[in-house]
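Residues per chain are reported as follows:
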Amino acid sequence: MARVAVVTGGTRGIGAAISKMLNDSGYKVAAVYGRSDAAAKAFRDETGIAVYRWDVAKFPECEAGIAQVTKDLGPVDVLVNNAGITRDGTLHKMDADQWQEVLDTNLGSCFNMSRAVIDSMRERNFGRIINIGSINGQAGQYGQVNYAAAKSGIHGFTKALAMEGAAKGITVNAIAPGYVDTDMVRAVPPNVLEKIVARIPVGRLGHAEDIARGVLFLVADEAGFITGTTLSINGGQHMY
Ligand code: NDP
């Protein structure tokens, strides 16, 4: 029977590529989004993939959302915690809301979503959880103490949960993308982006599909011996 996969931030950017690749590979996919109704509708119409709107930063919404997906598609086998935001600024200009929003959306969401699926995965002795970190969580980045802290936290979260899930057939891994050509990176000023690309040995930005390919590899039934690791997909920009 087809495995059920939930992809947060699954209707745009990297998440959309992950949703599509899983769907094309036979998974039943639920793509979760936060605010962009028009993009979600266009994505659903184009792909036929089921879309769900909830805020991954809010625990009760994640619980209710997962209950609905379970009712519609079946128990969740694969969770991809991909939703993320940036609210950049140097620390001396950053306000507490900028800090909290980024922590809640990027890192708190990993707790909220994983907590909502873990009991069912444990009962069924199978689960695949992928957390999307970032090169900037590994290496740090000017103007991103909030984002770098949240993404760095994802890597610790991944290792600890991997230990807890191992005996129950649940693997937990992270992917740390480098700079990928999505709306998030298009928001970077062109002169800054030019300098970033110059530092990528492969000589280009990543494509969303480069990241999706990593997800597909890690969620396979056959990947049960790979857990607690971080797959860096960054064109050689940072070798961790
Ligand atoms: P985009 O900004 O293109 O898309 C972000 C997605 O997350 C959207 O689908 C958005 O939905 C969703 N989202 C944001 N906040 C919430 C929320 N509170 N609840 C539910 N969904 C939410 O980002 P990317 O595709 O570029 O990035 C995807 C992931 O990859 C992020 O975690 C990012 O940090 C990480 N990453 C990206 C890199 C890059 O170069 N692009 C590099 C390294 C890491 P909606 O618009 O509907 O709110």
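So, here is what we can say about the structure in this document.

**Brief notes about the overall build of the protein chain**
- Helix and strand counts for the protein chain come out as nine helices and seven strands.
- Scaling as 2.2 N^0.38, a compact globule of 240 residues should have a C-alpha radius of gyration of about 18 Å, and the protein chain matches this with 17 Å.
- Principal-axis analysis of the C-alpha atoms gives the protein chain an extent of 50 × 40 × 35 Å.
- For the protein chain, the residues scored as buried account for 48% of the 240 residues in total.
- At a minimum sequence separation of 6, the contacts of the protein chain that also span at least 24 residues come to 70%.
- Approximately 11400 Å² of the protein chain is accessible, and the part contributed by carbon and sulfur atoms is 54%.
- On the protein chain, the mean spot of the 24 positive side-chain charges and the mean spot of the 24 negative ones are 2 Å from each other.

**With respect to the pairing of strand E3 (residues 50-53)**
- Strand direction decides the pairing type here: strand E2 (residues 28-33) and E3, joined by four bridges, are parallel. Counterpart to Ala30 in the pairing with E3 is Ala50.
- This β-α-β element, E2 to helix H2 (residues 37-47) to E3, shows right-handed connectivity.

**Things to note about the sheet that holds strand E7 (residues 230-233)**
- Here we have seven strands laid out as an open sheet, ordered E3-E2-E1-E4-E5-E6-E7, and parallel in their pairing. The open sheet terminates on both sides in strands that have one partner only, identified here as E3 and E7. Looking at each pair of strands side by side, their axes are set apart by 20° on average, direction ignored.
- Pairing between strand E4 (residues 78-81) and strand E5 (residues 127-132): four bridges, direction parallel. Bridge pairing in E5 links Leu79 to Ile129.

**So, unusual backbone geometry**
- In this structure, Asn125 is a non-glycine residue whose phi angle is positive, near 55°.
- Positionally, Asn125 belongs in the loop between helix H4 (96-124) and E5.

**Topic: the packing of helix H1 (residues 13-24) against H2**
- Interhelical geometry of H1 versus H2 gives an angle of 20° and a closest axis separation of 12 Å. Considered as vectors, H1 and H2 are oriented roughly parallel to each other. As H1 runs across H2, the sense of the crossing is right-handed. Here Ala16, Ser19, Lys20 and Asn23 of H1 come into contact with H2, specifically with Phe43, Glu46 and Thr47.
- In the contact of H1 with H2, the residues fall into two nonpolar, three polar and two charged.

**Observations regarding the pattern of salt bridges**
- Under the counting rule described, the total for this entry stands at 15 salt bridges.
- For Asp45, the salt bridge is made with Lys41, and the minimal N-O distance between the two is 2.9 Å. A residue pair is termed a helical-turn pair when its members lie 3 or 4 positions apart in one helix, as Asp45 and Lys41 do in helix H2 at four residues.
- Within this structure, Arg3, Asp77, Arg124 and Asp221 form a network of salt bridges that share partners.

**Topic: the state of the cysteines**
- In total, this model carries zero disulfides according to the counting rule given.
- With no disulfide of its own, Cys62 lies closest to Cys110 among cysteine sulfurs, the gap being 10 Å.
- Residue Cys62 is classed as buried on the basis of its relative accessible area, which comes to 0%.
- On the accessibility criterion, Cys110 (1% relative accessible area) is buried.

Here is what the cut-offs are and how they apply
- Residues numbered from 1 in each chain as written.
- Predicted model: local features only at pLDDT ≥ 70, side-chain atom pairs only at ≥ 80, totals over all residues.
- Heavy atoms only, no water.
- Helix = DSSP H or I, 4+ residues; strand = E, 2+ residues; numbered from the N terminus.
- Rg over C-alpha atoms; globule rule 2.2 N^0.38 Å.
- Buried < 20%, exposed > 50% of the residue type's maximum accessible area, 1.4 Å probe, protein only.
- Contact = heavy atoms within 4.5 Å.
- Areas by Shrake-Rupley, 256 points an atom, 1.4 Å probe, with all protein chains shown as cover.
- Lys, Arg positive; Asp, Glu negative; His and termini not counted.
- Charge placed at Lys NZ, Arg CZ, Asp CG, Glu CD.
- Pairing = 2+ DSSP bridges.
- Right-handed = clockwise from strand over helix to strand, strands pointing away.
- Axes fitted to C-alpha atoms, helices over the stretch in contact; angles between N-to-C directions.
- Parallel < 35°, antiparallel > 145°, perpendicular 65-115°, else oblique.
- Left-handed = near helix turned anticlockwise from the far one by under 90°.
- Nonpolar A, V, L, I, M, F, W, Y, C, P; charged D, E, K, R; others polar.
- Salt bridge = Lys/Arg side-chain N within 4 Å of Asp/Glu carboxyl O.
- Disulfide = S-S within 2.5 Å.

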